[in-house]
Amino acid sequence: MTLLAEFGEARKKFFFVLIFWLTLSFFFFLFGPTPPFFSRDHTFAVIFLNFLRKNLLPQNVKFVVLSPMDPFLAQITTSLALGFFVSFPFFLIQSLNFIFPALFEKERKLVLKILLPTIFLFFFGALFGFFLILPATFKILYSFARPLEAVPYLGIQDFLIWTFGLAFACGLIFLFPILMIFLTKWKLVEISFWKMHFKEVFVFFLLLSAFITPDGTGITMILLTLPLTLLYFIGYNLSKVFK
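Every residue gets a number counted from 1 within its own chain, in the order that chain's sequence is written. Only residues with pLDDT of at least 70 are given local features in this predicted model, and only at 80 or more are side-chain atom pairs given and counted; all residues enter the totals for whole chains, interfaces and linings. Only hydrogens and water are set aside when side-chain values are computed; all heavy atoms of the structure are taken into account.

With respect to the overall build of the protein
Here a helix means four or more residues in a row that DSSP labels H or I, a strand means two or more in a row labelled E, and each is numbered from the N terminus. Within the protein, the secondary structure is distributed over 9 helices and 2 strands. Its helices and strands in sequence order give the protein the pattern α-α-β-α-α-β-α-α-α-α-α, from N to C terminus. Projecting the C-alpha coordinates of the protein onto the three principal axes gives extents of approximately 60 × 45 × 30 Å. Taking all 243 residues of the protein together, the buried fraction comes to 42%. Exposure classes here rest on a 1.4 Å probe applied to the protein chains alone. A residue is buried below 20% of its type maximum, exposed above 50%, and partly exposed in between.

Right, here's the structure in full:
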């Protein structure tokens, strides 16, 4: 197959993924899980957004709309995010269908073995960000408003940027063991590298966690660094198995 033909095949697959993602997002924006299914007040996007607000924000923080377009854009953003997370496994499968012909048999078996762990780690990381890092971050940061006697509030768009941005970042970071396995399997990195440079990687995790969770106290930074360190050791040991 020529390079141009491969490009055309990749474009078809990813266009199909894009249509699937947008269709799901459109469904989440318009429909809900209970009758009447077509209701503006009970769509999947509205229900999920309210669920996040109640579970992530401290009770004393006011959830506000700062412009006429904010409620509409918030539901669009939530629908797109829901569509992305639901279609993520489908995206991985389509990606594998594209690259499989270029892989050797051993490499195909390796990819199939780590497919489910990849999906699990991504969603586990996203949920970890949602329900552990974000609530702690909001609680700690808004506690600084109390001595100032300021009214704590958060715009709906800022809330979504914080929520989905951090969840997506955590999902990607939790895939680090998968990256370690591939780098070792393809002999781009030696097994000894992961052991020799643990201290540098640990400092990198600290800096990365501080950047992602800027609460100023270091609590959420530690909450994120600890599981990343554990995943690093898991990735190191699995790299020895799959090398």
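A word on a nonpolar patch on the surface
Within the patch definition used here, like charges are joined within 9 Å and nonpolar side chains (Val, Leu, Ile, Met, Phe, Trp, Tyr) within 5 Å, considering only residues with over 30% relative accessible area and no salt bridge. Per-residue accessibility takes into account occlusion by the displayed protein chains alone, with areas from the Shrake-Rupley method and a 1.4 Å probe. We define a salt bridge as a contact between a side-chain nitrogen of Lys or Arg and a carboxyl oxygen of Asp or Glu at a distance within 4 Å. A grouping of Phe 15, Leu 18, Ile 19 and Leu 22 is seen on the molecular surface, where their side chains present a nonpolar patch of about 340 Å² in accessible area. Along the chain, the position of Ile 19 falls in helix H1 (residues 3-30). Since its relative accessible area comes to 36%, Ile 19 is described here as partly exposed.

Observations regarding helix H8 (residues 198-212)
Three or four residues apart is the spacing at which side chains of an α-helix point the same way, because the helix has 3.6 residues per turn. By this rule, a helix spans an expected 1.5 Å times one less than how many residues it contains. Helix length check: H8, at 15 residues, gives a terminal C-alpha distance of 21 Å against a target of 21 Å (1.5 Å per residue), a fit within 8%. When H8 is considered as a whole, its buried residues turn out to be Val 201, Phe 205, Ser 209 and Ile 212. End-on view of H8: buried residues confined to an arc of 75°, all on one side of the axis. Those residues of H8 that are exposed and angled more than 90 degrees off the buried face are Lys 199, Leu 207 and Phe 211. Note that the arc is defined by the directions from the helix axis to the C-beta atoms.

Some remarks on the side chain of Ser 87
Turning to its location among the elements, Ser 87 is positioned in helix H3 (residues 70-99). As used in this structure description, the phrase polar contact means that two N or O atoms lie within 3.5 Å; if the pair is within protein, one of them must be able to donate a hydrogen and the other to accept it, and residues adjacent in sequence are counted only when both atoms belong to side chains. Polar side-chain contacts of Ser 87 include one of 2.6 Å to the backbone oxygen of Gly 83. Ser 87 has contacts with Phe 20, Trp 21 and Leu 24, leaving out every residue within four places of it along the chain. Should any heavy atoms of two residues lie within 4.5 Å, those residues are considered in contact.

Section: unusual backbone geometry
Within the chain, Glu 149 stands out as a residue other than glycine whose phi angle is a positive 55°. Inspection of the secondary structure assignment puts Glu 149 in the loop between helix H4 (105-143) and strand S2 (153-155). The backbone phi angle of Lys 187 is positive, close to 60°, even though this residue is not glycine. Assignment of secondary structure puts Lys 187 in the loop between helix H6 (176-185) and helix H7 (191-196). The exposed category is assigned to Lys 187, whose relative accessible area is 66%.

Observations regarding the packing of H4 against H6
Remark: H4 packs on H6, axes separated minimally by 10 Å, with the N-to-C direction vectors making an angle of 160°. Viewed along their axes, H4 and H6 adopt a mutual orientation that is roughly antiparallel. As H4 packs across H6, the resulting crossing turns out to be left-handed. Across the interface between the two elements, Leu 110, Val 111, Ile 114, Thr 118 and Leu 121 from H4 touch Pro 177, Ile 178, Ile 181, Phe 182 and Lys 185 from H6. Polarity classes work like this: nonpolar for Ala, Val, Leu, Ile, Met, Phe, Trp, Tyr, Cys and Pro, charged for Asp, Glu, Lys and Arg, and polar for all others, with Gly in that last group. Looking at the contact of H4 with H6 residue by residue, the class counts come to 8 nonpolar, 1 polar and 1 charged. Fitting a line to C-alpha atoms yields each axis, with helices limited to the stretch in contact; the angle taken between N-to-C directions then spans 0 to 180 degrees. Should an angle fall under 35 degrees it is called roughly parallel, over 145 degrees roughly antiparallel, and 65 to 115 degrees roughly perpendicular, with every other angle called oblique. With the far helix as reference, a near helix turned anticlockwise by less than a right angle produces a left-handed crossing, and one turned clockwise produces a right-handed crossing.

Let's talk about the environment of Leu 206
Examined against the element boundaries, Leu 206 turns out to sit in helix H8. Residues Leu 206 and Tyr 232 lie 26 residues apart in sequence; the distance between their C-alpha atoms is 13 Å. When near neighbours in sequence (up to four residues on either side) are disregarded, Leu 206 contacts Met 221 and Thr 225.

Considerations on H4
Between the first and last C-alpha of H4 there are 55 Å, a value that for 39 residues agrees with the 57 Å anticipated at 1.5 Å per step. Here the bend at each residue means the angle between axes fitted to two seven-residue stretches, the one ending at that residue and the one beginning there. The largest bend in H4 is about 35°, located at Ile 114, with the proline Pro 117 one to four residues further on.

Re the environment of Gly 165
Tracing the sequence through the fold places Gly 165 in helix H5 (residues 156-173). By relative accessible area, Gly 165 is classed as partly exposed at 37%. In this structure, the C-alpha to C-alpha distance between Gly 165 and Leu 206, residues 41 residues apart in sequence, is 19 Å.

Comments concerning the packing of H6 against helix H9 (residues 219-242)
Direction vectors running N to C along H6 and H9 enclose 30°, while the axes themselves pass 8 Å from each other. Between H6 and H9, the angle falls in the class roughly parallel. Helix-helix and strand crossings are classified by hand; for H6 and H9 the assignment is right-handed. Contacts between H6 and H9 involve Phe 176, Pro 177, Met 180, Ile 181, Thr 184 and Lys 185 from the first element and Leu 231, Tyr 232, Gly 235, Tyr 236, Leu 238, Ser 239 and Phe 242 from the second. Here the residues of the contact of H6 with H9 sort into 9 nonpolar, 3 polar and 1 charged.

The values reported here are purely geometric and, on their own, carry no functional implication.
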